Amino acid sequence: MCGIVGGVAERSITNILIEGLKRLEYRGYDSAGLALINAGQVLRQRRVGKVVNLEQAVNEADLMGSLGIAHTRWATHGKPTEDNAHPHISGPVAVVHNGIIENYQELKDDLEALGYVFTSQTDTEVVAHLVHDALKSAPNLLKAVEQVVPQLKGAFALGIVHTDYPDELITVREGSPLVIGVGIGENFISSDQLALLPITNRFIYLEEGDIARLTRDSIEVFVNGQPVERPIKELDATVSNASKGEYKHYMLKEIYEQPEAIQQTISQALNGNTLRDDFLKNADVDFSQIQNVQIIACGTSYHAGMIAKYWFEQLINLPCQVEIASEFRYRTPVIVNHTLYVCISQSGETADTLAALRDTQKRAAEKNIHIATLTICNVATSSMVRETHHSLLTLAGPEIGVASTKAFTTQLAALMLLVLKIGQVKQSIAADEISSIIADLWHIPKVMLDTLQKDKEILRLSDLFKEKQHCLFLGRGTEFPIALEGALKLKEISYIHAEGYAAGELKHGPLALVDNDMPVVILAPQDDMLDKLKSNMEEVQARGGELFVFADETSGIKEKDRQHVVLVPNVNALLAPIVYSIPVQLLSYHVAVLRGTDVDQPRNLAKSVTVE
Ligand code: G6P
């Protein structure tokens, strides 16, 4: 999704803006641009494609300036062309924007009637003209922006500069993330703090509705024209600066980081084979009152939620529903007293999940229904973490690859901890069962390391996929969501059409697709469903399908003609989905590399989907 970087300093900030945009590349974008204010002029360059194209243009034009804004655009309104790339200019005003201005068409009609000429098809350009126009009556740039914001409908974050205000950067947060990076004698903005980590570790997290004016030495934040205080938070120095290191792609690095990420995530909650007393304690939610769980999430995070449903119901007898946020938010679901709403999100900023959360909280308050909310998230400072009663952090470190890997498996570990915690409080699970599951959880990083050793075998199998057009993933029980996740990974990064199915559904449709040319991936841990799964494998083979089986080493499943087997170390069936994520991730990764796709930034996709 789109990214914003901006700053005001004494030195020229051209390189800071370009480096900041590069650090946002992982989010997915299709064009980039930058504008600097210098000697009463707006100096702008924009390019389609990667940030290096912009960098080259900026270097050739020798652009310098100590006040500026920059942007990576992921097209929503209008194609990815140079004219549609940000910043957009109206006379002395330049604007970058994330999000969507929903009423831009009517605003555009009004502005055209006033004589403003539009040079792009974007919704953003209206903001530049509106600010330009507001300055005819407003006493200064800040006041002009304050007049414009109430006219805009939708979700947005803005960075605005003006040639007559060479030491002033105005920024707005209204439904789209925006942080201020606090420097010494210089200040910055970005839609993602990651962009600013090389220059500062001190941040102000703006709240919805905030408008801020930054100069070199001051930061003022206003709500409805009144100054407000926003604390400066210092980020832990351990927040990694995210580099690929020895790996060819971030995705591969992140796959390999999983054992450590799981270890970190569970360590925060455990004391030997028991849950720490202070784990999820210091909040105003009494888990003993919880009667239902409703999980809301998107994409890979939704698959984590699907697995947790099995755990909540099987282990602690607590009813659990899971729904994708983009449906949940628009269908007026019944809000039931004593329900725990769990948002699962790597970023904590996904527009649909956030909107579903806010809408639920609002409706519950209106109807006086008692609910609790909790976020499982990888970004401690995100909107979701800040807006729910509880948060449970996945300590996976920054995830850069668009296809989620370590965030997913750490979400699973966190969800298991949550299930055990609620079960303990509600006394719906025996203490020795908790200890035994925790002992198995501690063992998971080692099992994951052993599974990663299978990388070369998986690479060999990948070669058989590279020419395929379609692929089926099958699993049962908690491996069904892993089948969905495997199919999602493969389609996201290799562009092979893939479907995940519950193996028991095979006869109800997908069997019709099976022929000589259809690879079928099977997830076969040692669990109660193994025999049934073996029958499903027979059904596929009888129709000429080629099987690629990730099977428990004790499963008895062996290599044979058109049946390729990679043995996975034996693991507690309950926790198997964490481990079986690895082979499907590696398979997708290698197939994508063999097909020559852009693994870390697949076409048309974004890391953090902050617009609908
Ligand atoms: C995008 C990403 C996925 C991610 C999904 C939900 O589609 O490409 O990897 O699973 O958003 O994101 P979240 O940050 O809420 O987990």
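Residues numbered from 1 in each chain as written. Predicted model: local features only at pLDDT ≥ 70, side-chain atom pairs only at ≥ 80, totals over all residues. Heavy atoms only, no water.

Thoughts on the domain arrangement of the chain
By the assigned domains, the chain splits into domain 1 (3-246), domain 2 (272-433) and domain 3 (453-595). Centre-to-centre, using C-alpha coordinates, domain 2 lies 28 Å away from domain 3. For the interface between domain 2 and domain 3, the tally reads six residue pairs in polar contact (both at pLDDT 80 or more). For the side of domain 2 that touches domain 3, the elements supplying multiple residues, two or more each, are α8 (299-316) and α12 (406-426). With nine residues, the single largest contributor to the side of domain 2 that touches domain 3 is α8. In terms of residue class, the side of domain 2 that touches domain 3 is built from 10 nonpolar, seven polar and no charged. (Domains from an automatic or database assignment. Polar contact = N/O pair within 3.5 Å; in protein donor to acceptor, adjacent residues only side chain to side chain. Helix = DSSP H or I, 4+ residues; strand = E, 2+ residues; numbered from the N terminus. Nonpolar A, V, L, I, M, F, W, Y, C, P; charged D, E, K, R; others polar.)

A word on helix α2 (residues 51-61)
Helical geometry: 3.6 residues make up each α-helical turn, so side chains three or four residues apart lie on a common side. For α2, the full list of buried residues reads Val51, Leu54, Ala57 and Val58. Down the axis of α2, the buried set is contained in an arc of 120°. They therefore lie on one face. In the segment just after α2, Asp62 is the residue with positive phi, at about 50°. (Buried < 20%, exposed > 50% of the residue type's maximum accessible area, 1.4 Å probe, protein only. Arc of directions from axis to C-beta.)

As for the packing of aromatic side chains
Ring pairs (aromatic) are described by centroid distance and by the angle formed between their planes. One pass over the structure, following the stated rule, counts four aromatic pairs. Taking 6.2 Å as the distance between ring centres and 35° as the angle between the ring planes, the aromatic pair formed by Phe203 and Tyr205 counts as tilted. Look at Phe203 and you get buried, because its relative accessible area is 0%. Ring geometry for Phe465 and Phe548: centres 4.5 Å apart, planes at 55°, overall tilted. With Phe465 in the loop between α14 (455-462) and β23 (470-475) and Phe548 in strand β26 (residues 546-552), this pair connects stretches of sequence that are 83 residues apart. (Phe/Tyr/Trp six-rings, centres within 6.5 Å; stacked < 30°, edge-to-face > 60°.)

Brief notes about the packing of α12 against helix α17 (residues 576-595)
Contact geometry for α12 and α17: axes closest at 10 Å, N-to-C directions at 170°. One finds that α12 runs roughly antiparallel with respect to α17. Packed against α12, whose contacting residues are Phe408, Thr409, Leu412 and Ala413, the element α17 presents Pro577, Ile578, Ser581 and Gln585 at the interface. Here the contact of α12 with α17 is built from residues that sort into five nonpolar, three polar and no charged. (Axes fitted to C-alpha atoms, helices over the stretch in contact; angles between N-to-C directions. Parallel < 35°, antiparallel > 145°, perpendicular 65-115°, else oblique. Contact = heavy atoms within 4.5 Å.)

Considering the sheet that holds strand β20 (residues 339-345)
Taken in spatial order, the five strands line up as β19-β18-β20-β21-β22 in an open sheet, and their pairing is parallel. Edge positions in the sheet fall to β19 (320-324) and β22 (390-393), since each has one partner strand and no second. Taking each pair of neighbouring strands and ignoring which way they run, the sheet shows an average axis angle of 20°. Pairing of strand β18 (residues 292-297) with β20 involves six bridges; the strand directions are parallel. (Pairing = 2+ DSSP bridges.)

Describing the sheet that holds strand β11 (residues 202-205)
The eight strands are arranged β3-β2-β4-β1-β10-β9-β11-β15 in an open sheet whose pairing can be described as antiparallel. The sheet is open, and its two borders are formed by β3 (41-48) and β15 (233-234), each paired with just one other strand. Here strand β9 (residues 179-182) pairs with strand β10 (residues 187-190) via four bridges, running antiparallel. Considered in β10, the bridge of Gly181 is made with Phe188. Sheet contacts for helix α1 (residues 14-24): β1 (3-8), β2 (31-38), β4 (67-73) and β10; angle to β1, the most-contacted strand, approximately 160°.

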